[in-house]
Amino acid sequence: MQIPLLLTPGPLTTAPVVRQAMLRDWGSREKDFAALDAGVRTKLAQIANAGSEHTALLIQGSGTFAVEAMLGTFVPKQGKLLLLVNGSYGRRMATMCDRMERSKQVIEWPEDESVDVARLAAALESDSSITHVAVVHVETTSGLLNPVEEISRVVHAHGRRLLVDAMASFGALPLDLQILKADAVAASSNKCLEGVPGIGVVLCNITALQTAAGNSPCLALDLHDQWRGFETNGQWRFTPPVQIVAALNSALDLLSEEGGIQARLARYRQNAAILLAGMRGLGFTLFLREEVQAPIILTFHPPTHPQYNFDRLHQGLLDRGFAIYPGKLTKAESFRVGCIGQIFPADMNRFIITFKSVMSEMGIH
Ligand SMILES: *Cc1c(COP(=O)(O)O)cnc(C)c1O
């Protein structure tokens, strides 16, 4: 059976060297594993240009676990979170607030519009009980880029704290903690870092962490306690996903061999440019305006042809070695194609040719 290339928002196609890194066992309480952990955390902090006032924490689980840990740990019981929402990952954070019984206010934009900071500023000025603001950097629902640095300036100027879901951007788009004033930024092992799934990463401001003791409504997702655990004996509180840590370490080495996040972003941009030009050549239109499109995942309007059927398109591509994703928009039908992971321009060129032949087979020309 042919293993497909994953043109999806994750899990992604990984490098053989990353998968090979999982072929050994590690005792979680041994020195060599503690050193592996420490190395991974240092490399993650470097990617974000973190200083001594920050720390990179690891938590078991997919990205959602990291986001839920971040909100639960940093927003105190008496706090109030303002959510800037333009897609389903923003809405998911609102659901988390409800589950954790944290007060919230939601400002929602259409799924093709990035956050407008004037509305953010007005909301902060009119409600002094808002303590924290949370936003998604790249909204994977559509592929939309939000202006996090501008948002950070406004939040900071109003004396509030910022929490960022940088799941789909971390490891490719620049995110500099010396510029971005955030209490925490959440990411995951399996997106632009190109590791395998299973670890959430949260870059935290240490002062904010110190004041977050006792905030978390859950034991397992308490980042303050996770941090205390790492600081006191260099260990995870509960069974670490040892092989996934080893894979992430290898993926971080690969990132640096590639030339760091600038080089990775350049490759993703090239992938996205080939994809966009090719799809336009086949008559497809992009859902987003190009100014707000991140080179991570592209959403296209489906053909209006009566023969079009997403499941057939998906299966036809899969039979020829490519996995794509259905759309996730609330209002319009769509499909999505990712540009991230171990995917190279030559793969994108092959994808366009393959896409064209699958469409022809469906009777769409
Ligand atoms: C992938 C992703 C998440 C986390 O999703 P999981 O399925 O839990 O990995 C959160 N936010 C964004 C923007 C994402 O792209």
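Before any of the text, the structure's been laid out above.
The sections below set out a description of the structure shown in this document.

Calculation criteria
- Residues numbered from 1 in each chain as written.
- Predicted model: local features only at pLDDT ≥ 70, side-chain atom pairs only at ≥ 80, totals over all residues.
- Heavy atoms only, no water.
- Near = heavy atom within 4 Å.
- Polar contact = N/O pair within 3.5 Å; in protein donor to acceptor, adjacent residues only side chain to side chain.
- Areas by Shrake-Rupley, 256 points an atom, 1.4 Å probe, with all protein chains shown as cover.
- Helix = DSSP H or I, 4+ residues; strand = E, 2+ residues; numbered from the N terminus.
- Nonpolar A, V, L, I, M, F, W, Y, C, P; charged D, E, K, R; others polar.
- Buried < 20%, exposed > 50% of the residue type's maximum accessible area, 1.4 Å probe, protein only.
- Contact = heavy atoms within 4.5 Å.
- Pairing = 2+ DSSP bridges.
- Axes fitted to C-alpha atoms, helices over the stretch in contact; angles between N-to-C directions.
- Parallel < 35°, antiparallel > 145°, perpendicular 65-115°, else oblique.
- Left-handed = near helix turned anticlockwise from the far one by under 90°.
- Salt bridge = Lys/Arg side-chain N within 4 Å of Asp/Glu carboxyl O.
- Phe/Tyr/Trp six-rings, centres within 6.5 Å; stacked < 30°, edge-to-face > 60°.
- Lys NZ or Arg CZ within 6 Å of the ring centre and 35° of its normal.

1. So, the site of the ligand
Thought 1: All residues in the neighbourhood of the ligand are listed as Ser 62, Gly 63, Thr 64, Tyr 89, Arg 92, Val 136, Val 138, Thr 140, Asp 165, Met 167, Ala 168 and Lys 191.
Thought 2: Ser 62 has a polar side-chain atom sitting 2.5 Å from an oxygen atom of the ligand.
Thought 3: Contact between the ligand and Thr 140: an oxygen atom at 2.4 Å from a side-chain N or O atom of the residue.
Thought 4: Contact with the protein chains hides 85% of the accessible area of the ligand, taken as 380 Å² for the molecule alone.
Thought 5: When contributions to the shell around the ligand are tallied by element, the ones reaching two or more residues are helix H3 (63-74) and helix H4 (88-100).
Thought 6: When grouped by side-chain class, the residues that make up the shell around the ligand number 5 nonpolar, 4 polar and 3 charged.

2. Section: the side chain of Gln 342
Thought 1: Summarising the element assignment, Gln 342 is placed in the loop between strand E14 (335-338) and helix H12 (345-361).
Thought 2: Classification of Gln 342 by relative accessible area gives buried; the value is 15%.
Thought 3: With residues near it in sequence (within four places) discarded, Gln 342 still touches Thr 13, Thr 14, Ala 15, Glu 194, Leu 254, Arg 264, Arg 267 and Asp 347.

3. Here's the deal with the pairing of strand E9 (residues 184-188)
Thought 1: The element E9 is largely enclosed, with a buried count of 5 among its 5 residues.
Thought 2: Both faces of E9 are covered, namely the face carrying Ala 184, Ala 186 and Ser 188 and the face carrying Val 185 and Ala 187.
Thought 3: Across 5 bridges, the pairing between E9 and strand E10 (residues 199-205) is antiparallel. Looking across to E10, one finds that Ser 188 is bridged to Gly 200.

4. Some words on the packing of helix H11 (residues 310-319) against H12
Thought 1: As a packed pair, H11 and H12 sit with axes 9 Å apart at the nearest point and diverge in direction by 130°. As judged from the angle between their axes, H11 and H12 are oblique. The hand of the H11/H12 crossing is right-handed. Contacts between H11 and H12 involve Arg 312, Leu 313, Gly 316 and Leu 317 from the former and Phe 351, Thr 354, Phe 355, Val 358, Met 359 and Glu 361 from the latter.

5. Some thoughts on the sheet that holds E14
Thought 1: Here we have 3 strands laid out as an open sheet, ordered E11-E14-E13, and antiparallel in their pairing. Two strands bound the open sheet, and with one partner strand each, they are strand E11 (297-300) and strand E13 (325-326).
Thought 2: In the sheet, E11 pairs with E14 via 4 bridges, with the strands oriented antiparallel. Considered in E14, the bridge of Ile 297 is made with Gly 338.
Thought 3: With respect to the sheet, helix H10 (residues 260-281) is in contact with E11 and E14, its orientation differing from that of E11 by roughly 15°.

6. Looking at the environment of Asp 116
Thought 1: Tracing the backbone through its elements, the reader meets Asp 116 in the loop between strand E4 (103-108) and helix H5 (117-126).
Thought 2: Put simply, Asp 116 and Ser 88 are 28 residues apart on the chain and 18 Å apart in space, counted from C-alpha to C-alpha.

7. Quick word on unusual backbone geometry
Thought 1: In this chain, Gly 10 is followed by Pro 11 through a cis amide linkage whose omega measures 0°.
Thought 2: For Glu 101, which is not glycine, the phi torsion reads 55° and is therefore positive.
Thought 3: Along the chain, the position of Glu 101 falls in the loop between H4 and E4.
Thought 4: Relative accessible area serves as the criterion here: at 70%, Glu 101 is assigned to the exposed category.

8. Digging into the sheet that holds strand E3 (residues 80-85)
Either a parallel or an antiparallel arrangement is found when strands of a sheet pair, and the pairing is made through backbone hydrogen bonds.
Thought 1: Overall, mixed pairing links the 7 strands, which are arranged E2-E10-E9-E8-E5-E3-E4 in an open sheet. Looking at the sheet topology across the chains shown, the edges are occupied by strand E2 (54-60) and E4. Each neighbouring strand pair of the sheet contributes to a mean axis angle of 20°, computed without reference to strand direction.
Thought 2: Along the sheet, helix H2 (residues 31-47) makes contact with E2 and E10, crossing E2 at roughly 125°.

9. Structural notes on the pairing of E14
Thought 1: Burial along E14 is two-sided: the residues Phe 335 and Val 337 and Arg 336 and Gly 338 are all buried.
Thought 2: Summarising the sheet, E13 and E14 pair through 2 bridges and their orientation is antiparallel. Within the sheet, the bridge partner assigned to Pro 326 lies in E14 and is Phe 335.

10. Thoughts on the pattern of salt bridges
Between side chains of opposite charge, pairing is possible as soon as their charged atoms come close.
Thought 1: Tallied over the entire structure, the rule returns 16 salt bridges.
Thought 2: One network of salt bridges, in which partners are shared, links Glu 194, Glu 258, Arg 264 and Arg 267.

11. Describing the environment of Gly 214
Thought 1: Along the chain, the position of Gly 214 falls in the loop between helix H7 (206-210) and helix H8 (223-233).
Thought 2: Relative accessible area serves as the criterion here: at 52%, Gly 214 is assigned to the exposed category.
Thought 3: Between the alpha carbons of Gly 214 and His 224 there is a distance of 8.0 Å; along the sequence they are 10 residues apart.

12. Structural notes on the packing of aromatic side chains
Thought 1: Applying the stated criterion across every chain yields a total of 8 aromatic pairs.
Thought 2: Taken together, the ring pairs in this structure connect Phe 284, Phe 300, Phe 322, Phe 335, Phe 351 and Phe 355 into an aromatic cluster.
Thought 3: Its end group placed over the ring of Phe 230, Arg 41 keeps NZ or CZ at 4.6 Å from the ring centre.
Thought 4: Across the ring face of Tyr 89, the terminal group of Lys 191 is positioned such that the distance to the ring centre comes to 5.7 Å.

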